[in-house]
Amino acid sequence: MPGFEWIGEEERAALNALMDEGGVFFAHGFTSMRKAYHVRELEAQFCEHMDLGNALCVSSGTAAIKVALKAMGVKAGDEVITQCFNFVAGLEAIVDCGATPVIAGSDATLNMDPAQLEGLITPKTTCIMPVHMLGVPAKMDEINAIAKAHGIPVLEDACEAVGAKYKGQFVGAVGDFGVFSLDYGKMITTGEGGLVIAKGQDDADTARHYHDHGHMNLPDRPRGRDRAAMPGYNCRMSELNAVVGKVQLSKLDRIWEETKKRYMALEKGLSDVLDGRAYPRDIPEGAEPTHDTFIFGTKDDDLRQAVIDHLTQTGFGTKNLPDAMEWHCSFYWEQFDFDIKTQAAVDTQALLLEQIAIPVMLGIEISAYEQLGQELAALIRK
Ligand SMILES: Cc1ncc(COP(=O)(O)O)c(C=O)c1O
């Protein structure tokens, strides 16, 4: 997840320019002291770049999920279906709304298995939240079709997939709502930050009101005399984050292209051997991942350990699988008060324990990934 690798002079210049033009860090008001509204500009630039209907900048990806759930009207007593391979943030946001998480297991994409969805839907289900884990889009056609048949809105957690596409469309805009994270580990970063993408204008307005204490930001009123549309919260992004975000967004296409070149170089070396003893992660038809993580699995414990050792010794390292399984698999989340050890979770945990996730970094040459692919292929052939 390489955005932080490409932070430099442009971001520094943007921060200095913010200071020079008045140094207002707040997204609203202070009109006489400022020359621009950077959070609003970043929202407009995301909409233009990704052809989104509505984009709302917020303080984090976690906040984005909470704001989206609130805008969807998720409340106490509801059930939200999400997936076992996940990050704990989604569960926290669901529980924070008073709702109960319901966990779907994974298929070979490692994301939500659409075949399990029907069986999990109840009259209490008010949202389905697939998560595009480690940059690979979930099977959105199947998920959207089932959700539509039951009249349940879909919220895509695209926090780990900024820049990925599904059938030509940026993920985050494929469901009714989407969320991005701009935290320090993501494709592009503002340090902390996130976005809520809403298809419908009413939904977008509700999200905007909720994230800012209910403020309507009526243009004919000073902020102190503004009206509240609803009870809300503070999930605002600051101008500091937004000026960095604008520079990072302008780099997204190049980050995506350069990351893909390295991923493809690694894949080239491995393609012939990932068909038995080791197997690839399935990529859904029509999906264009972020390519910032290369994942393959093996049931052979010795081989898996040999691959992990090789990655450690050569400095490439591994990421979430297996390094942070406990934070990315709901099987472990005993801090929540719901049934975490369902059969779907047991099966998904076993599947995830077979996987090795290799970070794809811009600071490493393409040729080094080529060589790594050949070295890992030799290990698998042994
Ligand atoms: C899938 C997923 N959802 C949500 C989040 C939360 O994003 P943030 O760290 O910006 O709060 C993350 C962060 O790692 C994530 O990976």
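Preceding this paragraph is the structure being described.
Let me sum up the structure you'll find in this document. Being a predicted model, the structure only gives us computed values, none of them experimental. (Residues numbered from 1 in each chain as written. Predicted model: local features only at pLDDT ≥ 70, side-chain atom pairs only at ≥ 80, totals over all residues. Heavy atoms only, no water.)

**What to know about the sheet that holds strand S2 (residues 79–83)**
Applicable threshold: Two strands pair if DSSP finds at least two bridges between them. Helix and strand definitions here come from DSSP, where helices need a minimum of 4 consecutive H or I residues and strands a minimum of 2 consecutive E residues; each element is numbered from the N-terminal end. Convention adopted: a line fitted to C-alpha atoms gives each axis, helices being fitted over their contacting stretch, and angles between N-to-C directions are expressed from 0 to 180 degrees. Two residues form a contact once any of their heavy atoms are found within 4.5 Å.
Read across the sheet, three strands follow the order S3-S2-S4 without closing on themselves; strand pairing throughout is parallel. Two strands close off the open sheet at either side, each with one partner strand: strand S3 (100–104) and strand S4 (125–128). When strand polarity is set aside, the average angle formed by the axes of neighbouring strands in this sheet is 30°. In the sheet, S2 pairs with S3 via five bridges, with the strands oriented parallel. When the sheet's bridge partners are listed, Glu79 is paired in S3 with Thr100. Docked against the sheet, helix H4 (residues 88–96) engages S2 and S3, running at close to 145° with respect to S3.

**Some details on the pattern of salt bridges**
The cut-off we apply is this: Think of a salt bridge as a Lys or Arg side-chain nitrogen and an Asp or Glu carboxyl oxygen that are within 4 Å of each other. The buried label applies to any residue whose accessible area, calculated with a 1.4 Å probe on protein chains only, is under 20% of its type's maximum; exposed applies above 50%, and partly exposed to all values in between.
Applying the stated criterion across every chain, the model contains 20 salt bridges. Across the pair Lys75 and Asp78 runs a salt bridge, and its minimum N-O distance is 3.0 Å. Looking at Lys75, the relative accessible area reads 48%, which means it is partly exposed. Residue Asp300 is joined to Arg277 by a salt bridge in which the shortest nitrogen-to-oxygen separation is 3.1 Å. On the criterion of sequence distance, the pair formed by Asp300 in the loop between strand S12 (293–298) and helix H8 (301–313) and Arg277 in the loop between helix H7 (239–270) and strand S10 (278–280) is long-range, its members being 23 residues apart. By relative accessible area, Arg277 is classed as partly exposed at 35%. Residues participating in the shared-partner salt-bridge network are Glu10, Glu11 and Lys251.

**Points about the layout of surface pockets**
To locate leftover empty space, one rolls a probe as large as a water molecule over the atoms. The criterion, for reference: Grid points spaced at 1 Å over the protein atoms alone were grouped into cavities, where a 1.4 Å probe fits but cannot get out, and pockets, open sets with protein on both sides within 12 Å along at least five of seven lines, with lining residues defined by an atom within 4 Å of a point. Grid points are joined across faces, edges and corners, and a volume is the space filled by probe spheres set on the points. What fixes the domain bounds is an automatic or database domain assignment.
Within this model, the largest pocket holds a volume of roughly 300 Å³. Along the walls of the largest pocket sit 21 residues, with Phe87, Glu160, Ser181, Asp183 and Lys186 positioned nearest its centre. Broken down by element, the lining of the largest pocket gets its largest block of residues, three residues, from helix H3 (residues 61–71). Residue assignment places the lining of the largest pocket across two domains, with domain 1 (3–250) and domain 2 (252–381) each supplying three or more. In this model, the second largest pocket occupies a volume close to 160 Å³. Around the second largest pocket, the lining residues are His28, Gly29, Thr31, Tyr37, Arg40, Asn217, Leu218, Pro219, Arg221, Pro222, Arg223 and Asp226.

Function-wise, these values are silent; they only describe arrangement.
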